[in-house]
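# Overview (structure and organization)
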Amino acid sequence: MLPGMADEDEARVVITNADIAAAKRDWQLARSEGDRPARVEAAYDLYRRLVSAQAQQIADTFRETGALRGDQG
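A few points on the structure. The model shown is predicted, which means the values in this text are computed figures rather than measured ones.

The next thing to look at is the packing of aromatic side chains. One pass over the full model with this rule turns up 3 aromatic pairs. Geometrically, the ring pair formed by W27 and Y44 is tilted, given 4.9 Å between the ring centres and 55 degrees between the ring planes. With W27 in helix α2 (residues 17-32) and Y44 in helix α3 (residues 37-65), the pair connects residues that are 17 residues apart, well separated along the chain. The class of W27 is buried, set by a relative accessible area of 14%. On the numbers, 6.4 Å between centres and 55 degrees between planes, the contact of Y44 with Y47 is tilted. With Y44 and Y47 both in helix α3 and 3 residues apart, this pair spans about one turn of that helix. The partly exposed category is assigned to Y44, whose relative accessible area is 37%. Relative accessible area serves as the criterion here: at 17%, Y47 is assigned to the buried category. Over the ring of W27 we find R31; its NZ or CZ atom is 4.6 Å from the centre of that ring.

Here you go:
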């Protein structure tokens with residue numbers, strides 16, 4: 001490992017159900033308040049990317065441990 005670099009476990013970000021819910025609320029709020037289309041699109045894109053990242057994390061965790069975290073899925 002290079003000096004100053006964290007190992008993989010330290011650098012891993014966990015996407016929780018709360019993160020997904022917050023991103024979804026932000027996207028829905030942007031839509032309902034009639035924000036600029038670019039703002040609505042950016043909020044939706046973040047929500048979509050978080051859902052996708054969490055799905056990958058769930059799959060990785062299950063493959064590694066055979067169990068799921070309580071704050072995912």
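On to the environment of L46. You can see L46 is positioned in helix α3. It is 6.9 Å that separates the C-alpha atoms of L46 and A23, two residues lying 23 residues apart in sequence.

Attention now goes to the nonpolar core. Among the nonpolar cores identified, the biggest contains 9 residues, and these are I15, I20, A23, W27, A30, V40, A43, Y47 and L50. Each residue touching A43, except ones within four places of it in the same chain, is listed here: D26 and W27.

Turning to α2, a few remarks are in order. Taking 1.5 Å per residue as the helical rise, α2 with its 16 residues ought to reach 22 Å, and the 22 Å between its terminal C-alpha atoms agrees with that figure. The complete set of buried residues in α2 reads I20, A23, W27 and A30. Projected onto a plane normal to the axis of α2, the buried residues spread over an arc of 95 degrees and lie on a single side. In α2, the exposed positions angled more than 90 degrees off the buried face are occupied by A18, R25 and S32. Buried residues belonging to α2 abut α3.

About the thresholds
Residues numbered from 1 in each chain as written. Predicted model: local features only at pLDDT ≥ 70, side-chain atom pairs only at ≥ 80, totals over all residues. Heavy atoms only, no water. Phe/Tyr/Trp six-rings, centres within 6.5 Å; stacked < 30°, edge-to-face > 60°. Helix = DSSP H or I, 4+ residues; strand = E, 2+ residues; numbered from the N terminus. Buried < 20%, exposed > 50% of the residue type's maximum accessible area, 1.4 Å probe, protein only. Lys NZ or Arg CZ within 6 Å of the ring centre and 35° of its normal. Core = buried A, V, L, I, M, F, W, Y, C linked by side-chain atoms within 4.5 Å. Contact = heavy atoms within 4.5 Å. Expected span 1.5 Å × (residues − 1). Arc of directions from axis to C-beta.

Interpretation in functional terms is not warranted from these geometric data alone.
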